[in-house]
Amino acid sequence: MRLSKAYVPTLKEVPAEAEVVSHRLLLRGGFVRQLTRGIYTYLPLGLKTLNKVADIVREEMDRAGAQEILMPMVQPGDLWAETGRWEFYGKELLRFKDRADRDYCLGPTHEEVVTDLVRGEVRSYRQLPLTLYQVQTKFRDEIRPRFGLMRGREFVMKDAYSFDRDEAGADLSYRAMFDAYCAIFRRLGLQFRPVEADTGSIGGNFSHEFMVLADTGEDTIATCQACEYAANLEKAEVVVPVDKCDCGHDCDAYSAVPTPGKHTVDEVCEFLAVEPATLIKTLLFDVDGAPIAALVRGDRELNEIKLKNHLHATEVKLASPEQVVAWTGAPVGFAGPVGLITAGIKIIADRELDFDCGWIVGANRADAHLKNVDLRRDVKVDSYADLRNITEADKCPRCGGEIRLRRGIEVGHVFKLGVKYSEAMGASFLDENGKDQTMIMGCYGIGVSRIVASAIEQNHDADGIKFPPSIAPYEVALLSLAGKDPEVAEAADKLYAELTSQGIEVLYDDRDERPGSKFKDADLMGMPMQLVLGGKGLANGIIEAKDRRTGEKRELKLADFAGEFASWRRTVRQGWGLGIE
């Protein structure tokens, strides 16, 4: 493609609405334009990249035995009512009515639709296993769409669904999709890590997220330095040392100490000259309409998803200041587990609190705390559970190795759904004995448009994007510095023709622009290989080649251009962990 003919409206200034690197560079590089909040138009460069990601996904899905279909984006509400998600999903599900006053929604996911399809067609064990997938535009009405393609309301996603006759078959389908995802991300040229994950609103009993590693990632993942264990914070298990405290049950009786105006852990610790690890934070929640007190050590962070899963809850909300006063008799900052005034309030404590005593807790009255509290002696704890975030001081729950916390961007998720949807919607089959059995399902999603943004978050510098060759709009940026020199223009035209005849995609900058402008645009748009031809180089029989990833430059001889370019191209692709396809 000649850049003089291409629709690539680059921007010199950073758009005010762009918050993260990928958003800024996609707008500046002429890849996308915002239509309205969280909804984008893909311009030619952006669409080429999006399609390349989708093509790799399709190829690996097909290789794994999945079959492509295309389901409607508009879904009837009665299907969602069958599974209970019409009420459960929340405001992110964009609902509307047709002229006959029937309920519909724009699909953020397609479990109900695909289950309805299969239950009407698959009746025998001979038709199983079956895995269907689609690449489809979806819509989720995010309350705060932000970060461009990272968290838009409209997005492109690949979602696959497996149907099996038994758990053993479901395990095989899950592994096939897991392996296919690993192949996809390797082919994309991205650094990634599969991690154990919470199943969220999709449901099910087992899942992995696929994380693209990036310092700007929204998610924190825990990885073991000695084994393959990796999990997000919601799923990362905390191993508590089993040694009991030295004091047994002989702690002094608890007593009150004044802490005037000291609401936070830091304020209390400074005032009492103690460490945060000696305090218990009592966090109050409204869980499906019932009051819950969750206890964690003062230097720990409670994980609400862990609390939600432990209680098998639908909704967990931090208590309001008014609720705190009503349940404890004290303002925010002074709640404690001893003598809560609300009858029937459940107390859930983090596991590590069961192995020590002599704690400092809120006194359930203003400006006071209690010291020397022993939970086993002084508090009726309803249950102990893993409630807190893992830290780098904790050990791997699998091998005891060191834990490292890293940042990542979720771009894929695989679920073992079990019978959550098939049972609710009556998706069954007849086995070898003619007996009716419920299908076992799996669900496998990849954010195709999100991958485009995450690739940029992982691969960029101050000058612009560094696209992996497998998903770059064009593999080569050819810059002609001809100016008024017709010989340079003619030589550049010949190189363009030669490269394209070899099936190599080239963005040929033949514009009548200053060299500096061409260099800036080439770095901004991020094609992995740059070839620069000017008058001096032509006279010396060479063309300058630049690896966008490393910035390394070399000279290729024009007399043996085909051979030298092929060798250099192989080196560039190997730097991304890619071969020649």
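Refer to the preceding data block for the structure.
Residues numbered from 1 in each chain as written. Predicted model: local features only at pLDDT ≥ 70, side-chain atom pairs only at ≥ 80, totals over all residues. Heavy atoms only, no water.

A.B. asks: Please explain the sheet that holds strand 30 (residues 542-547) as it appears in this structure.
C.D. replies: The pairing of strands in a sheet comes from backbone hydrogen bonds and takes either a parallel or an antiparallel form. The sheet built from five strands is open, its strands ordered 28-27-29-30-31 with mixed pairing. This sheet does not close on itself; its edge strands, each paired only once, are strand 28 (506-509) and strand 31 (553-557). Strand after strand, the sheet turns through a mean of 25 degrees between neighbouring axes, direction not considered. Where strand 30 meets strand 31, five bridges bridge the pair, whose relative direction is antiparallel. Residue pairing across strands places alanine 545 opposite arginine 554, the latter belonging to strand 31. Contacting strand 27 (476-481), strand 28, strand 29 (529-534) and strand 30, helix 13 (residues 486-501) crosses the sheet at an angle of about 165 degrees to strand 27. Packed on one face of the sheet, helix 14 (residues 515-525) meets strand 27, strand 28, strand 29 and strand 30 and runs near 175 degrees to strand 27. (Pairing = 2+ DSSP bridges. Helix = DSSP H or I, 4+ residues; strand = E, 2+ residues; numbered from the N terminus. Axes fitted to C-alpha atoms, helices over the stretch in contact; angles between N-to-C directions. Contact = heavy atoms within 4.5 Å.)

A.B. asks: Explain the state of the cysteines to me, please; I cannot follow it from the model alone.
C.D. replies: By definition, a disulfide is the covalent link that joins the sulfur atoms of two cysteine residues. A full pass over the atoms with the stated rule returns zero disulfides. Cysteine 396 takes part in no disulfide bond, and the closest cysteine sulfur, belonging to cysteine 224, lies 3.6 Å away. (Disulfide = S-S within 2.5 Å.)

A.B. asks: It is not clear to me how the packing of aromatic side chains should be interpreted in this structure. Could you clarify?
C.D. replies: Geometry of an aromatic ring pair is reported as the spacing of the ring centres plus the angle between the planes. If you walk through the whole model with that rule in mind, you get 12 aromatic pairs. Between tyrosine 181 and phenylalanine 210, the ring centres sit 5.2 Å apart and the planes meet at 55 degrees, which makes this aromatic pair tilted. One end of the pair, tyrosine 181, is in helix 6 (residues 167-188); the other, phenylalanine 210, is in strand 10 (residues 206-213), and 29 residues separate them in sequence. Judged by relative accessible area, phenylalanine 210 falls into the buried class, the value being 0%. Between phenylalanine 185 and phenylalanine 210, the ring centres sit 5.8 Å apart and the planes meet at 20 degrees, which makes this aromatic pair stacked. Of this pair, phenylalanine 185 sits in helix 6 while phenylalanine 210 sits in strand 10, and the two are 25 residues apart along the sequence. Judged on exposure class, the residue phenylalanine 185 and its partner phenylalanine 210 are both buried. (Phe/Tyr/Trp six-rings, centres within 6.5 Å; stacked < 30°, edge-to-face > 60°. Buried < 20%, exposed > 50% of the residue type's maximum accessible area, 1.4 Å probe, protein only.)

A.B. asks: What should I look at first to understand the packing of helix 2 (residues 44-63) against helix 6 in this one?
C.D. replies: For any two helices packed against each other, the geometry is given by the interaxial angle and the distance between the axes. Axis separation between helix 2 and helix 6 bottoms out at 9 Å; the angle between their running directions is 145 degrees. Note on packing geometry: the crossing formed by helix 2 with helix 6 is right-handed. For the pair helix 2 and helix 6, the contacting residues are Val53, Ile56, Val57, Glu59, Glu60, Met61 and Arg63 in the first and Met177, Ala180, Tyr181, Ala183, Ile184, Arg187 and Leu188 in the second. Looking at the contact of helix 2 with helix 6 residue by residue, the classes come out as 10 nonpolar, no polar and four charged. (Left-handed = near helix turned anticlockwise from the far one by under 90°. Nonpolar A, V, L, I, M, F, W, Y, C, P; charged D, E, K, R; others polar.)

A.B. asks: In this structure, what is going on with the pattern of salt bridges? I would like to understand it.
C.D. replies: Where side chains of opposite charge bring their charged atoms close, a pairing between them can arise. Under the definition given, this model contains 46 salt bridges. With its nearest N and O atoms 3.7 Å apart, the salt bridge here joins arginine 450 to glutamate 218. Within this pair, whereas arginine 450 is found in helix 12 (residues 448-458), its partner glutamate 218 is found in the loop between strand 10 and strand 11 (219-224), the two being separated by 232 residues in sequence. Residue arginine 450 is classed as buried on the basis of its relative accessible area, which comes to 17%. What makes glutamate 218 partly exposed here is its relative accessible area of 25%. (Salt bridge = Lys/Arg side-chain N within 4 Å of Asp/Glu carboxyl O.)

A.B. asks: Looking at this model, I keep getting lost on the sheet that holds strand 15 (residues 290-297). Mind explaining?
C.D. replies: An order of 16-14-15-17-20 is seen for the five strands of this open sheet, with the pairing classed as mixed. Lying at the two open borders of the sheet, with one neighbouring strand each, are strand 16 (316-318) and strand 20 (383-385). Averaged over neighbouring strand pairs, the angle between their axes works out to 35 degrees when direction is ignored. Examined bridge by bridge, strand 14 (residues 280-287) and strand 16 share three bridges and lie antiparallel to one another. Across the sheet, phenylalanine 285 pairs through a bridge with leucine 318, a residue of strand 16. Sheet strands touched by helix 9 (residues 321-328): strand 14 and strand 15. Its angle to strand 14, the strand with the most contacts, is close to 110 degrees.

A.B. asks: Which parts of the structure should I look at to understand the nonpolar core?
C.D. replies: Nonpolar side chains tend toward joint burial in soluble globular proteins. If you look at the biggest cluster of nonpolar residues, it comprises 64 residues, and the most contacted ones within it are Met61, Tyr181, Phe185 and Leu188. Among the elements that line this core, the one with the most residues is helix 6, at nine residues. Setting aside residues up to four positions removed in sequence, tyrosine 181 forms contacts with Met61, Lys158, Phe210, Gly412, His413, Val414, Tyr444, Gly445 and Ile446. In this structure, Tyr496, Phe565, Trp568 and Trp576 belong to the second largest nonpolar core, which totals 24 residues. (Core = buried A, V, L, I, M, F, W, Y, C linked by side-chain atoms within 4.5 Å.)

A.B. asks: How should the pairing of strand 27 be read in this particular structure?
C.D. replies: As a general feature of sheets, a regular strand has side chains that alternate between the two faces. In terms of burial, strand 27 is largely enclosed, as five of its six residues are buried. You can see the chain leave strand 27, run along helix 13 and come back into strand 28, and the turn it takes is right-handed. The pairing of strand 27 with strand 29 spans six bridges and is parallel. In the strand pairing of strand 29, leucine 479 is matched with valine 532. (Right-handed = clockwise from strand over helix to strand, strands pointing away.)

Everything listed is a geometric property; what it means functionally is a separate question.
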